[in-house]
Amino acid sequence: VRERQIAADVSAFTFDLAKGTDLLVIDVTARPEIGVSQLEEEVEREINLLHRDGVTESEVRRAIALIETDLIASLQSAGERADKLSMFATYFNQPELINEQTDRYRAVTTERVNELISERFGQNNRASLLYVPKEGIESENALAAAAGAL
Amino acid sequence: MVTSLRPKPGPTRRYRFPEFHDEILPSGIRVVTAPVKKLPLATVLVIIDAGSVSEPPGKEGIAALTAAALLEGTSELDGAELAEKFEQLGTSLESGADWDSAVVKITALSDQLEEATRLLGEVISSPVFPEREIERLKAERLAEILQLETEPRGLADEKFSEFLYSPESRYSKPDEGSTESVGALSRGDVEDFYRANYRAGGTTVIIAGDVSPELARKVVTGAFRKWPAGSAQKPQLTTAPRTREKRVHVVHKPEAPQSELRVGHVGLPRKHPDFFPTVVMNAVLGGLFGSRINLNLREVHGYTYGASSYYDWRRGAGPFVVSTAVESEVTIPALTEILLEINRIRAEQISDEELSLARDYLEGVFPIRYETTRAIASALATLVIHDLPAEYYDTYRANIHDVSAEAVLKAATSHLHPPELQTVVVGDAKMIESSLIEANFGDVVLHNA
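The residue count restarts for each chain, going from 1 along the sequence in the order it is written. For naming, the first written chain is A and the first written ligand is 1, with later ones following in the order written. Only residues with pLDDT of at least 70 are given local features in this predicted model, and only at 80 or more are side-chain atom pairs given and counted; all residues enter the totals for whole chains, interfaces and linings. Computation of side-chain values covers all heavy atoms of the structure but excludes hydrogens and water.

(A) View of the interface of chain A and chain B. The contact criterion used throughout is that any non-hydrogen atoms of two residues lie within 4.5 Å. Between chain A and chain B, the contact holds 18 residues from the first and 25 residues from the second. Interface of chain A and chain B: buried area, both sides summed, is about 1800 Å²; carbon and sulfur atoms make up 57% of it. Looking only at chain A, the three residues that lose the most surface to chain B are R2, R62 and Q76 of chain A, adding up to 39% of its buried area. By convention in these notes, a salt bridge is any Lys or Arg side-chain nitrogen within 4 Å of a carboxyl oxygen on Asp or Glu. Taken together, the connections running from chain A to chain B amount to four salt bridges. Take the accessible area each of two parts loses on contact, using a 1.4 Å probe, and add the two losses: that sum is the buried area.

(B) Representation of the packing of helix α10 (residues 292-300) of chain B against helix α11 (residues 331-347) of chain B within the structure. Residues and elements named next belong to chain B. Between α10 and α11, the least distance of the axes is 10 Å, while the angle of their chain directions is 150°. Classified by the angle their axes make, α10 and α11 are roughly antiparallel. As for how α10 packs across α11, the hand of that crossing is right-handed. In contact with R292, I293, N296 and L297 of α10, α11 contributes A334, E337, I338, E341, R344 and I345. Only Asp, Glu, Lys and Arg are considered charged in this grouping, and only Ala, Val, Leu, Ile, Met, Phe, Trp, Tyr, Cys and Pro are considered nonpolar; every other residue, Gly among them, is considered polar. Its residues assigned to classes, the contact of α10 with α11 comprises five nonpolar, one polar and four charged. Angles here are taken between N-to-C directions and fall from 0 to 180 degrees, while the axes themselves are lines fitted to C-alpha atoms, restricted in helices to the stretch in contact. A run of DSSP states H or I qualifies as a helix once it reaches four residues; a run of E qualifies as a strand once it reaches two. Both are numbered from the N-terminal end. For classification, angles of less than 35 degrees are called roughly parallel, those exceeding 145 degrees roughly antiparallel, those between 65 and 115 degrees roughly perpendicular, and all remaining angles oblique. With the far helix as reference, a near helix turned anticlockwise by less than a right angle produces a left-handed crossing, and one turned clockwise produces a right-handed crossing.

(C) Focus on the confidence of the model for chain B. Residue-level confidence of the predictor is summarised by pLDDT, bounded by 0 at the bottom and 100 at the top. Across chain B, the average pLDDT comes to 94, with 99% of residues at 70 or higher. For this predicted complex, the interface score ipTM comes out at 0.81, alongside a pTM of 0.90.

(D) Representation of the pairing of strand β11 (residues 422-427) of chain B in the model. All names here are of chain B. Each residue is placed in one exposure class: buried if its accessible area under a 1.4 Å probe, protein chains only, is under 20% of its type's maximum, exposed if it is over 50%, and partly exposed if it falls in between. Most of β11 sits inside the fold, with six of its six residues counted as buried. Residues of β11 alternate between two faces, with Q422, V424 and V426 on one and T423, V425 and G427 on the opposite face, all of them buried. Two strands make a pair as long as DSSP finds a minimum of two bridges between them. Direction of pairing for strand β7 (residues 247-252) relative to β11: parallel, over a ladder of six bridges. Considered in β11, the bridge of H252 is made with G427.

(E) Main features of the packing of aromatic side chains. Residues and elements named next belong to chain B. Any two of the Phe, Tyr and Trp rings considered here, Trp counted by its six-membered ring, make a pair once their centres fall within 6.5 Å; the pair's planes then place it as stacked at under 30 degrees, edge-to-face at over 60, or tilted in between. Overall, the coordinates contain 24 aromatic pairs over all chains when judged by the stated rule. A centroid spacing of 5.8 Å and a plane angle of 75° characterise the contact between F224 and W227, whose relative ring orientation is edge-to-face. A single burial state applies to F224 and to W227, both of which are buried. A centroid spacing of 5.2 Å and a plane angle of 70° characterise the contact between F366 and Y370, whose relative ring orientation is edge-to-face. Judged by relative accessible area, which is 0%, F366 ranks as buried. In this structure, R270 packs its charged tip against the face of F275, placed 3.5 Å from the ring centre. Consider the ring centre and the ring normal. A charge sits over the ring if Lys NZ or Arg CZ is within 6 Å of that centre and within 35 degrees of that normal. In this structure, R314 is placed above the aromatic ring of Y171, and the distance from its NZ or CZ to the ring centre is 4.5 Å.

(F) The arrangement of the sheet that holds strand β2 (residues 30-35) of chain B in detail. All names here are of chain B. Reading across from one edge, β1-β2-β6-β3-β5-β4 is the order of the six strands in this open sheet, with mixed pairing throughout. Single-partner strands in this sheet number two, and they are β1 (21-24) and β4 (94-97). The average angle at which neighbouring strand axes cross in this sheet is 15°, direction not considered. In terms of strand pairing, β1 meets β2 through four bridges, oriented antiparallel. In the sheet register, D22 faces β2, and the bridge partner there is V32.

(G) Local environment of the environment of T243 of chain B. Residues and elements named next belong to chain B. Here T243 is to be found in the loop between α8 (213-223) and β7. Here T243 falls in the buried class, since its relative accessible area comes to 14%. Through-space distance from the C-alpha of T243 to that of Q422 is 8.8 Å; in sequence the pair is 179 residues apart. In this structure the side chain of T243 is engaged in a polar contact, spanning 2.9 Å, whose partner is the backbone nitrogen of E245. Two N or O atoms form a polar contact when they lie within 3.5 Å of each other; inside protein one atom must be a possible hydrogen donor and the other a possible acceptor, and for residues adjacent in sequence the pair counts only when both atoms belong to side chains.

(H) Representation of the side chain of S126 of chain B in the model. Looking at the element boundaries, S126 of chain B is found in the loop between α3 (113-125) and α4 (131-150). The contact partners of S126 of chain B, leaving out residues within four places of it in the chain, are G73, T74, S75, Y194 and K226 of chain B.

(I) Main features of a nonpolar patch on the surface. For patch building, the residue pool is restricted to those with more than 30% relative accessible area and no salt bridge; the joining distance is 9 Å between like charges and 5 Å between nonpolar side chains (Val, Leu, Ile, Met, Phe, Trp, Tyr). Method for areas: the Shrake-Rupley scheme with a 1.4 Å probe, in which residue coverage is limited to the protein chains shown. Side chains of V1, V10, L24 and I26 of chain A sit close together on the surface and give an oily, nonpolar patch of about 300 Å² of accessible area. For I26 of chain A, the location among the structural elements is in strand β2 (residues 24-30).

(J) Representation of the pattern of salt bridges in the model. Residues and elements named next belong to chain B. One pass over the structure, following the stated rule, counts 43 salt bridges over all chains. For R118, the salt bridge is made with E115, and the minimal N-O distance between the two is 2.9 Å. In this pair, R118 and E115 both sit in helix α3, three residues apart, roughly one turn of the helix. On the basis of relative accessible area, E115 is assigned to the partly exposed category, the value being 34%.

(K) View of the pairing of strand β5 (residues 102-109) of chain B. Residues and elements named next belong to chain B. Taking burial as the measure, the eight residues of β5 include six buried ones, the bulk of the element. Of the pairings in the sheet, the one linking strand β3 (residues 41-48) to β5 comprises eight bridges and is antiparallel in character. In the sheet register, T43 faces β5, and the bridge partner there is T107.

(L) Layout of the sheet that holds strand β12 (residues 443-448) of chain B. Residues and elements named next belong to chain B. Across the sheet, which stays open at both edges, the six strands sit in the order β9-β10-β8-β11-β7-β12 with mixed pairing between neighbours. Each having just a single partner strand, β9 (307-311) and β12 make up the two edges of the open sheet. Across the sheet, the mean angle separating the axes of adjacent strands is 15° when strand polarity is ignored. Note: strand β8 (residues 258-266) against β11, five bridges, orientation antiparallel. Pairing of E260 across the sheet is with V426, part of β11. Packed on one face of the sheet, helix α9 (residues 275-287) meets β9 and β10 (319-327) and runs near 165° to β9.

(M) Local environment of the environment of V445 of chain B. Residues and elements named next belong to chain B. For V445, the location among the structural elements is in strand β12. Residue V445 is classed as partly exposed on the basis of its relative accessible area of 28%. Separated by 194 residues in sequence, V445 and V251 place their C-alpha atoms 8.6 Å apart. Those residues in contact with V445 that sit more than four places away from it in its chain are R247, V248, H249 and V250.

Structure representation (structure tokens):
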């Protein structure tokens with residue numbers, strides 16, 4: 001988005017599924033002049049780098065600091081407190097887990113994050129969904145090439 | 001086995017907005033502190049009197065661009081390094097500008113508050129506005145405008161403002177600028193707007209959360225030590241309508257299956273003495289799901305999924321607008337019903353049931369709005385921006401409760417003006433133009449999208 005300016009925005013999120021394997025979604029919107037295959041290649045390249053090199057201690061600390069602020073901020077509203085209590089009660093039958101969340105996040109180590117990346121971020125564990133406007137498809141070939149790169 | 005019983009709700013308690021402390025520092029910066037010590041965090045919100053109405057003519061969009069460009073780096077750190085620094089402190093900086101002001105804010109845990117506010121002060125006091133980032137922000141805004149204009153809702157809103165206000169009014173143009181005005185902005189324009197408007201006399205720092213007025217004063221004094229004194233000269237805002245004769249503007253979108261409708265006229269400034277009766281009147285007319293316009297168009301006639309009306313409260317007189325989207329073939333009947341409802345609320349007193357529904361809703365949702373430090377800080381920002389009295393939030397519910405059916409009728413007859421209504425229809429002109437002329441809602445003017 002910032003350096004090469006090929007994407008209008010990027011975000012990554014998980015669904016926080018309680019049971020079974022969760023999904024990590026990386027959501028990227030191309031800038032108007034950027035083709036779908038170029039965008040997909042760039043995202044693939046970044047994931048490959050992450051898979052190869054992992055994340056740094058400083059990145060993990062930043063993520064934990066942001067999660068902690070968000071978590072505490074969310075407890076201000078009665079609705080969100082109720083949601084969280086209900087989630088821990090429904091999924092784990094332990095509403096009191098709400099009190100352990102900041103400690104659990106703080107205990108996450110860079111090694112543990114990198115283990116997960118190494119185990120889960122491989123080529124054979126990904127799928128791409130390309131959403132393109134009807135008239136925005138460069139050509140059937142380009143789309144087929146992008147699809148073949150999965 | 002579960003043995004506990006669900007607790008019963010207690011009696012309704014009187015609501016008090018958090019107490020706050022208001023002072024002006026020797027530097028000229030106003031500091032408003034609301035100590036709310038529920039959780040170890042606080043929101044810092046800086047308001048600068050540098051909204052779109054402060055823009056020089058021809059520079060529409062410079063207020064939003066300047067607010068966004070603040071985050072792109074200081075003399076010490078570039079934009080990415082700044083974002084990283086804030087993230088290390090468990091927060092992220094947000095900035096933006098609306099009609100009346102520019103706002104920069106963070107929410108941080110108490111133990112990071114001093115450092116995060118110091119960094120925020122640096123961002124606002126020493127921006128470098130890199131040329132490359134300004135161009136990127138402009139390109140992003142131009143892409144947004146393009147997207148907005150291809151979408152009927154965005155197009156209808158933009159055209160409605162254009163047809164409502166006289167061309168000299170800043171309100172006649174999009175608050176974040178048009179393709180032409182944004183395209184022509186330069187780094188020099190950002191620098192000029194910043195130097196003219198970002199000054200102590202037009203700055204208020206609001207801190208809500210786990211903080212004392214003493215700490216707030218110390219933190220703000222330290223963070224804004226490089227802040228220039230004085231206030232900016234503001235351009236005169238006119239809110240004159242483009243015309244006082246009712247007109248229908250059809251913005252042609254070939255083969256559009258729906259008509260996007262806007263009906264309204266110039267409304268009232270936020271500090272108008274009839275604010276409370278007008279709020280209740282609008283709640284009955286179109287402000288709530290159960291209001292007349294929605295019930296009529298959605299429930300009775302099935303023309304739409306939703307229809308609403310609102311007053312856009314600004315320092316100057318913002319628009320009053322009814323907004324909905326309907327299938328093309330029911331454009332005329334839908335407009336007829338909207339006009340009928342505007343005329344009906346002016347003609348006869350609302351029922352006791354409608355009055356209590358609107359008042360109960362407005363009184364009931366009020367305390368829930370101010371649970372978080374962000375919401376409390378934003379509420380205090382509204383007080384500052386609109387120069388409202390300190391007791392405004394404590395007396396809000398009583399003021400709503402005191403509105404009578406007679407006062408609602410008076411607000412409707414005084415502040416709804418059917419002969420001045422401007423109608424914008426974004427849709428397929430071929431399908432609707434001739435019947436719109438026949439329906440006589442006003443002179444019909446055709447425009448291309």
